[in-house]
Amino acid sequence: MSIPTNSGKDVTVVHLVRHGEVENPTGILYGRLPGYHLSELGRRMADRVAEHLASRDVTHVGASPLERAQETAAPIAKAHGLDLDTDERLIEADNVFQGKTFGVGDGALQRPGNWKHLVNPFRPSWGEPYVDQVVRMMGALNAAKDKARGHEAVLVSHQLPIWIVRSYVERRRLWHDPRKRQCTLASLTSFTFLGDRIVSVGYSEPAIDLVPAHLRAGATPQKGQGTAQGKAFGA
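Residues numbered from 1 in each chain as written. Predicted model: local features only at pLDDT ≥ 70, side-chain atom pairs only at ≥ 80, totals over all residues. Heavy atoms only, no water.

Asks: Tell me about the overall build of the protein chain, and name the residues and values.
Replies: Each helix and strand in the protein chain was counted, giving 5 helices and 6 strands. Along its sequence from the N terminus, the protein chain presents helices and strands in the succession β-α-β-α-β-α-α-β-α-β-β. Looking at the protein chain as a whole, 51% of its 235 residues qualify as buried. Sequence-distant contacts, at least 24 apart, represent 71% of the contacts inside the protein chain between residues at least 6 apart. (Helix = DSSP H or I, 4+ residues; strand = E, 2+ residues; numbered from the N terminus. Buried < 20%, exposed > 50% of the residue type's maximum accessible area, 1.4 Å probe, protein only. Contact = heavy atoms within 4.5 Å.)

Written out as structure tokens, the structure reads:
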């Protein structure tokens, strides 16, 4: 979409970045649990994103309070000489399966104790309502837009909240097949504002060569890895 240069309104870009790969050898759904840091590969992904954005007019950097998001955002903020702002609204979606294994091929769907949490995929019944995620993520986007008005902002968050707010802006239904989210590790979902209105959404993957093939957008999760890499419920 072309943006008129004589509109008299500021053009601001807010990039939502998904964090890099996380060290998770036990393969649990870590959700909002503390203590989950970037792996060595994840740190390389974070550095790659920082390099990708180094020449951009970034004047604000924010992140979810979780370690993996903070560690992804740190080199971006450093590259621009900025302090890193923590925004609770960017946190991972709440999930009743947090701390458990819940992946493709592990039998989770056959456990009677889980059935009550899986009755309504439209809300969803296993965690934070999609509408609530939209509200907080739009709040974070608008706050960053105001702080970086006329420039660019970077916010590091998590797969599911990023995908949900993008779906909302692009007027798609919020319930979806998790395997089809276009939100690969260390990817950028970029919202361009003209004044206070979002006029376009872009997507890029500056670290795609570092992302294992089975973790890329649209890839089929491998048995036993659905939870470890957050393919089912976000990460």
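Asks: Residues and numbers for the packing of helix H4 (residues 130-147) against helix H5 (residues 159-169), please.
Replies: In contact at an axis separation of 9 Å, H4 and H5 are set at 85° when each is read in the N-to-C sense. Considered as vectors, H4 and H5 are oriented roughly perpendicular to each other. On H5, the residues touching Tyr130, Gln133, Val134, Arg136, Met137, Met138 and Leu141 of H4 are Leu160, Pro161, Ile162, Ile164, Val165, Tyr168 and Val169. Taken together, the residues that form the contact of H4 with H5 break down as 12 nonpolar, 1 polar and 1 charged. (Axes fitted to C-alpha atoms, helices over the stretch in contact; angles between N-to-C directions. Parallel < 35°, antiparallel > 145°, perpendicular 65-115°, else oblique. Nonpolar A, V, L, I, M, F, W, Y, C, P; charged D, E, K, R; others polar.)

Asks: Just give me the short version of the side chain of serine 157, but keep the residues and values in it.
Replies: Inspection of the secondary structure puts serine 157 in strand S4 (residues 152-157). For serine 157, a relative accessible area of 0% puts it in the buried group. When neighbours within four sequence positions are excluded, serine 157 is seen to be in contact with Val17, Arg18, His19, Leu90, Met137 and Ile162.

Asks: With reference to specific residues and values, describe the packing of aromatic side chains.
Replies: According to the stated counting rule, one finds 1 aromatic pair in the structure shown. Here arginine 173 stacks its cationic end above the ring of tryptophan 175, 3.9 Å away from the centre of that ring. (Phe/Tyr/Trp six-rings, centres within 6.5 Å; stacked < 30°, edge-to-face > 60°. Lys NZ or Arg CZ within 6 Å of the ring centre and 35° of its normal.)

Asks: Give a description of the pattern of salt bridges that names residues and reports values.
Replies: Counted by the stated rule, this structure contains 15 salt bridges. When the shortest N-O distance is used, the salt bridge between arginine 68 and glutamate 92 registers 4.0 Å. Here arginine 68, found in helix H2 (residues 67-79), pairs with glutamate 92, found in the loop between strand S3 (84-86) and helix H3 (112-115); they are 24 residues apart in sequence, far enough to count as distant. When its relative accessible area of 0% is taken as the criterion, arginine 68 is described as buried. Among the salt bridges present, the one from arginine 89 reaches aspartate 87, with a minimum N-O distance of 3.0 Å. With a relative accessible area of 32%, arginine 89 lands in the partly exposed category. Ionic contacts of the salt-bridge type, sharing partners, join the residues Lys145, Asp146, Arg149 and Asp196 into one network. (Salt bridge = Lys/Arg side-chain N within 4 Å of Asp/Glu carboxyl O.)

Asks: Please provide a residue-by-residue account of helix H1 (residues 40-53), values included.
Replies: The first and last C-alpha atoms of H1 sit 20 Å apart over 14 residues, in line with the 20 Å expected at 1.5 Å per residue. Turning to H1, its buried residues are Leu41, Gly42, Met45, Ala46, Val49, Ala50 and Leu53. On its buried side, H1 packs onto strand S1 (11-18), strand S2 (58-63), H2, S4 and strand S5 (188-194). (Expected span 1.5 Å × (residues − 1).)

Asks: Kindly report on the pairing of S5, identifying the contributing residues and their values.
Replies: Burial within S5 is extensive, with 7 of its 7 residues counted as buried. Where S1 lies against S5, 7 bridges are found, and the strand directions are antiparallel. The partner of valine 17 across the bridge, within S5, is leucine 188. The loop that links S5 with its antiparallel partner strand S6 (residues 197-204) comprises 2 residues; one of these, glycine 195, has a positive phi angle of about 65°. (Pairing = 2+ DSSP bridges.)

Asks: Before we move on, could you go through the side chain of histidine 80 and cite the residues and values that matter?
Replies: Following the sequence through the fold, histidine 80 ends up in the loop between H2 and S3. For histidine 80, a relative accessible area of 18% translates into the label buried. Within the structure, the side chain of histidine 80 is placed 3.0 Å from the backbone oxygen of leucine 53, a separation counted as a polar contact. Not counting residues within four places of it along the chain, the set of residues in contact with histidine 80 comprises Leu53, Ala54, Arg56 and Val58. (Polar contact = N/O pair within 3.5 Å; in protein donor to acceptor, adjacent residues only side chain to side chain.)

Asks: So, the sheet that holds S2: which residues are in play, and what are the values?
Replies: An order of S3-S2-S4-S1-S5-S6 is seen for the 6 strands of this open sheet, with the pairing classed as mixed. Bordering the open sheet on either side are S3 and S6, each of which pairs with just one other strand. Strand-to-strand twist of the sheet, defined as the mean angle between neighbouring strand axes without regard to direction, takes the value 25°. The strands touched by H1 within the sheet are S1, S2, S4, S5 and S6, with S5 carrying the most contacts at an inclination of about 30°. Here H4 sits on the sheet and contacts S1, S2, S3, S4, S5 and S6; the angle it forms with S1, its principal contact strand, is near 135°.

So yeah, pure geometry; function would need other evidence.
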